[in-house]
Structure formats: structure tokens, C-alpha cells
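# Topology and contacts: notes
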Amino acid sequence: MSPLNTSPLYRQYETLPSLNVPGIPAVAPLPTGETDDTRSIAERFGDDIIAAGLHNGNQVVYVQPSRLLELAQFVNRDAQLKYESLVDVTALDRLKLPIGPHDARFQGVYQFRSYSRKKLLTVVSPAVGGDSPHLPSLSGLFQSAIWPERETYDLMGVVYDGHPDLRRIMMPKHWPYHPLQKQVPIGGEEVPFTPTWDDPEFETFGTQILPSSSAKPDLPPGMNRENMIINMGPHHPSTHGVLRLVVELDGEQVVRIDPDLGFLHSGFEKTAEFKRYKDFIYYTDRMDYLSAMNNNLSFALPVEQMLGIDVPERGQVIRVIMAELQRIAAHLFWLSTHVLDISGTGMSLLMYATRERERILELFEMACGARLTVSYLRIGGVWQDLPPRFIEELKDFIRVMPGKLDDYHAMLTDVPLWVERLDGIGYISRADALNMGLTGPMLRGSGVDWDLRRDMPYSAYPMFDFEVPTSDRGDGYGRYLLRMEEMRQSLRILDQAVKNLPKGPFKTENRKVTPPPRAELDVSMESLIHHFKLMTEGFLVPPGFVYGGVESNKGELACFVYSDGSAKPYRVHIHGPSFNNLYAIDHMCRGGMLSDVVTNIGSIDIVLGEVDR
């Protein structure tokens, strides 16, 4: 492997002596105590369990890699445990942590979920092989492991033995590095700040990590050249972004689809390692740019859990208001584009749904001055309180919106063209939805009654009465009806929030986490010091890790955050529902018509900023 031709990883102005706190970085402590589940696992696997118990409120089990596959099978099939789904796979590079010479550099991190028992289990397993890490693949048990393992191999370099198709999934196939490994710097080259072109720093200016030539694309494994193979995208209006689908056709019938991702790859996870916790909030807006409020919340919640801080009740309810408004706005955008893709009434409904979404964006602008990338939900609460006019405008929106939904139903629900394009199309059974690790409407549309807001509640959701719509149809029409009902349930939550919005502070009063009010700075030296230290150094998060997330409009949007005790996260992994749900596109389209591919993309509801993270 050739040496990296990049800018320096550390710069003088970022490594001031005052920021080098003794004891940092630190390794996350091992779990303590036990639960019924961890006890059962420890009894079953004995000395091969390195540690088991609770860590930051989550069940965590460390297991030797030789027993990882067996443990995954055990927790999935045991009658008492019933962890039906593997929802996330990632890895941790501990190169910059103070570990022993014989400790594994890489660790695999797995999140198992029991929908029937409402439990989450985190499994950590050290990888063998040192700088060339290997772990057994879980793809033989869970289809949901196939794409996340490919992603972890691509970005982290972990080889999953037994994986059926271990190719890069984000980076070009000829890319020589694994970007999330700790020795790989964040940027390709630095633009020097100098008044003269004679500065030595310009000697390598204009060079790249890779040569500019690109590799000729190969036929995806398993495709047969005797059939017609076409490219759909990456510049196709119905792919909803820069997504390339390699489609194998027998006439007009789809034989297989292989999605080609990474055209928009933004490196959010790598960027997070170089940003203070309080500053990474602004980056989360840019993932699913149609659901910025939920993005903010998905990162804030695990950080708050590690800090052990409580958000005041008013701040919690405001968060719920914003999250539900964002859900409606995103569903309106999904509806308008989905109809435009496949139905003759598309242009009219596009205008109507955009009109209602515009009212929500105006509410966002009223609250924080932004419409799309809002950065309003912060660690510890929300940026600022709601203006007085906001509640009156929100009440009017709640009053008007149900009638608009009735109009949409009248335009679509029983229209023969709409029904024909969705009925029976993109079918996913309950068992397949669980095995593929689908979440959100894709999971509930196959009859799985699960919603994080109700079943593993966060923020102020336990205060609210609402229903979780499900459908046993498993097709595009069922998912359409489900999302329409979800908007009504969001309006139901908003109505309760407006009527019971508590008074009081809107963010934590812990001055070490959130800036003090502006008025305090003129009268309190202590507040001024807190403000100065927060703006210059940020706040320290105790060593440890948490996997936590929210029920976004597209599904489970979660973050795995690992802290080394400093003011910057050591590792942030983002579980994006668009990425994980898009895996189902091949399953949904096989045996259908080419025209159904467009329907199925819209039925999944993806945003490529979240797919390519």
C-alpha cells in the first residue's frame, strides 16, 4: 500500500496544552451488574463471555469471536430471548486508545432487537488479525448483516469471513484505503493560509490521494449477460437522488437488481471524530435533509444519556412538536413525489402537498430562522424558546390539515390507476421484513407492530396518547395507507402538545453543557467563564458508548457514539433507515415489471444524503 499523500492529521492550533486533559483518551469501562438476558447468555457460553451486564443503561455482552456466530444464533432462536432482528452492524478502531499490546485493535459491534419483548442487546466482539481484522459474517443468519458488513469492510477494513458478496459499497472499487481507520486523516489535502505562492506547503497542492483515472465498472456478481442489463440512474428522476441501479431483465421482467451507492458519500462519520459534540449537531441536518429535526435528536439523545443530564419538560415537549411536524413535512414530500412518479394526478397533488409542507417550514423558520437545515434541537434541549406567535400558527395548522388529508384520499385512495400501480407490488412478508432488518413504515407495512416512540419511548412521548398504524398487506398500497394514517396520528400528538405545553426552561440549566442566557453574562463572571470554555473547548463526555435513536419518518435513525472522555466523539456510527431499507429493493422487484422498480423506490422512501452518509 502506498503512503498517504495528505495534509497533516494534527495542527498546532488544535493541540494547545490547555486542551490536553490528563487521562484522555480513555477506554470505555466494561459493563457491570447483570440482567436476565445477560445472565442467560453468560451461563450458556461460560468463559467465552469476556464481560456482560449493563453499560449506560444498555445491555452489553462481550464475546470471543470464535463464539460470535453461535451467540447470534442463540439469542435469535432461544424461546426466552427472542431477538428476532439484527438491526445494526459496525466496528470500532481502537488504534488511538490506550489498549494493551495484546488487545484487539478492532472490535465488531452488533445491535440485536427483540420486538416482542421490547429489548435491545449490544454485542461486542474483538476482531482477530491485528491490523488485518477478521470476524465471522452473520449474513447466513440475518440478511440485515449483508449491507452493514459490506459498509464496515469498505470503510473500516474488517473482513467478514463467509460473507456472500464482500465488495466495497460506498467507495470506488479501486480505492486503496479504508477511510474510517484511525491512521487515515480526514482530508485529502489542506489549502494553506499564506499570502505567497512560494510557501513550501504549496509543493503538493493539486495532488490527490488517488489518480484521476477511474476503473471500468464490472458486471455485478450473479448477473447473466444473456439477459438485458441496463443502468437506471444515477441521473434518473425516479431514483430520488444519485442512485444507480444495475437492473437485469428478462424482457420487461426484473431478474435481479444491484444498487450502486456512494455517489454522494459525504463522510459524516469521519467528520464527527474531528468535531466537538456540540458542533456535530449542525452536520446531522445534512443527512436526511428532509428530516433535520429528527436528525438532531438522534445524535443528542445518546450524548445526553452518557452525560446523565435531564432535559426540562418544556424542552422535551418542544422536541416532540418539532419531530412530529418534521414527520408530516417529510411524509408530504414522499407523497407528492411518489404520486408524481406513478400516477396521472401527480402534478396537482404535488402542488397541494407542497402548499401544506410550506406551512410547516414557515413554523420552523419562525422558531429558529431556518427552514431545511435547522440545527434547532441541541444537546441539553432546544436552541431557544418558541416565539409567542408560533403556537397560534400551529393551532391553525392542526385545525386545517385533517381536511387536506381527506382531499388527498379523495384524489388517490380509490382511483383505479393508483390502486393498480400499488396493489400487490413490492410485497415483503413479515418474516422477510424482520430478517432484512427493515424499520419504520417498511416494517409496520408488513404487519410488525413496532414504533420506538411507544415501545422504547424517549423524550416526552410517554406523555402522549397515539396509535401506531400497521398493515398486513406488505405491499406498496399498504405502506401508502399506513403513512397517510401516520400523519393523522402526528396531528393527534401535536394537538395534545399544544394543549399541555408546560412552562419553564427549554434547555438544561447545567452550565457545563449548554451556554448560559445572554443576560447572565453581564452580571456573572462564572457564567462568562462557562460560556467561554464551552465555545472554545466544548464539554467532556465520560468514557463509554451508547446506541440510541429515534423513530424518524423513514424508520429507525440511530447513532452509536463512543466517547474517549474528550470533547470530541472517538467514533460515531449512524444507522440510517434509508440505507438499511434500500437493501430490500432487489427482493421487492424480482419477478415484477421494470415499471414497478419506480414504484418500489418511492414506496421505500429514501433520501440519498442518508444512504450515502
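Quick notes on the rules
Residues numbered from 1 in each chain as written. Predicted model: local features only at pLDDT ≥ 70, side-chain atom pairs only at ≥ 80, totals over all residues. Heavy atoms only, no water. Core = buried A, V, L, I, M, F, W, Y, C linked by side-chain atoms within 4.5 Å. Buried < 20%, exposed > 50% of the residue type's maximum accessible area, 1.4 Å probe, protein only. Helix = DSSP H or I, 4+ residues; strand = E, 2+ residues; numbered from the N terminus. Contact = heavy atoms within 4.5 Å. Phe/Tyr/Trp six-rings, centres within 6.5 Å; stacked < 30°, edge-to-face > 60°. Disulfide = S-S within 2.5 Å. Pairing = 2+ DSSP bridges. Polar contact = N/O pair within 3.5 Å; in protein donor to acceptor, adjacent residues only side chain to side chain. Axes fitted to C-alpha atoms, helices over the stretch in contact; angles between N-to-C directions. Patch = residues over 30% accessible without salt bridge, like charges linked within 9 Å, V, L, I, M, F, W, Y side chains within 5 Å. Areas by Shrake-Rupley, 256 points an atom, 1.4 Å probe, with all protein chains shown as cover. Salt bridge = Lys/Arg side-chain N within 4 Å of Asp/Glu carboxyl O.

Another aspect to go through is the nonpolar core. Phe112 and Tyr376 are the most contacted members of the largest nonpolar core, which has 169 residues in total. When residues of this core are assigned to their parent elements, the largest contribution, 14 residues, is made by helix H7 (residues 313-342). In contact with Tyr376, not counting residues within four places along its chain, are Met293, Asn296, Ile318, Met322, Ala367, Cys368, Val382, Trp383, Gln384, Asp385 and Leu386.

The final tally for this structure, using the stated rule, is 15 aromatic pairs. Plain terms: the ring middles of Trp418 and Tyr480 are 5.2 Å apart, the flat faces sit at 80° to each other, and that makes the pair edge-to-face. With a gap of 62 residues between them, Trp418 in helix H10 (residues 416-422) and Tyr480 in helix H14 (residues 476-499) connect regions that are remote in the sequence. Plain terms: the ring middles of Phe545 and Tyr562 are 6.0 Å apart, the flat faces sit at 10° to each other, and that makes the pair stacked.

Quick look at the state of the cysteines now. A complete count under the given rule lists zero disulfides for this structure. Cysteine Cys368 is unpaired, with the sulfur of Cys559 as its nearest cysteine sulfur at 19 Å. Taking relative accessible area as the criterion, Cys368 reaches 13% and is therefore assigned buried. Under the relative-accessibility criterion, Cys559 is labelled buried at 2%.

Even without being a glycine, Lys82 presents a positive backbone phi close to 60°. Along the polypeptide, Lys82 turns up in the loop between helix H2 (68-77) and strand S3 (85-93). Residue classification places Lys82 among the partly exposed positions, given a relative accessible area of 40%.

A separate point is the pairing of strand S15 (residues 571-575). Of all five residues in S15, five are buried; the element is thus mostly enclosed. Of the two faces of S15, the one holding Arg571, His573 and His575 and the one holding Val572 and Ile574 are both buried throughout. Across five bridges, strand S14 (residues 556-563) lies against S15 in antiparallel orientation. Counterpart to Cys559 in the pairing with S15 is Ile574.

Taken across its nine residues, strand S4 (residues 106-114) has nine buried, putting it largely inside the fold. The alternating pattern of S4 places Phe106, Gly108, Tyr110, Phe112 and Ser114 and Gln107, Val109, Gln111 and Arg113 on opposite faces, both of which are buried. Relative to S4, S3 is paired through eight bridges, and the arrangement is antiparallel. Bridging from a neighbouring strand, Thr90 pairs with Val109 of S4. In the sheet, S4 pairs with strand S5 (residues 119-126) via eight bridges, with the strands oriented antiparallel.

Now for the side chain of Asp612. The topology assignment puts Asp612 in the segment after helix H19 (608-611). At 3.0 Å, the side chain of Asp612 forms a polar contact with the backbone nitrogen of Leu264. Look past the residues within four positions of Asp612 in its chain and what remains in contact with it is Met170, Leu261, Gly262, Phe263, Leu264, His265 and Ser266.

Looking now at the sheet that holds S4. The five strands lie next to each other as S1-S2-S5-S4-S3, forming an open sheet whose pairing is mixed. With one partner strand each, in any of the chains shown, strand S1 (49-55) and S3 form the two edges of the open sheet. Direction aside, neighbouring strands of the sheet carry axes that sit 20° apart on average. Sheet contacts for H2: S1, strand S2 (58-63), S4 and S5; angle to S5, the most-contacted strand, approximately 170°.

Here the focus is a nonpolar patch on the surface. Where nonpolar side chains cluster on the molecular surface, the patch consists of Leu340, Met347, Met351 and Tyr352 and spans about 400 Å² of accessible area. The biggest single contributor to the nonpolar patch is helix H8 (residues 346-368), with three residues. Tracing the chain through its elements places Met347 in helix H8. On the basis of relative accessibility, which here comes to 49%, the residue Met347 falls in the partly exposed class.

No statement about biological role is implied by the geometric values presented.
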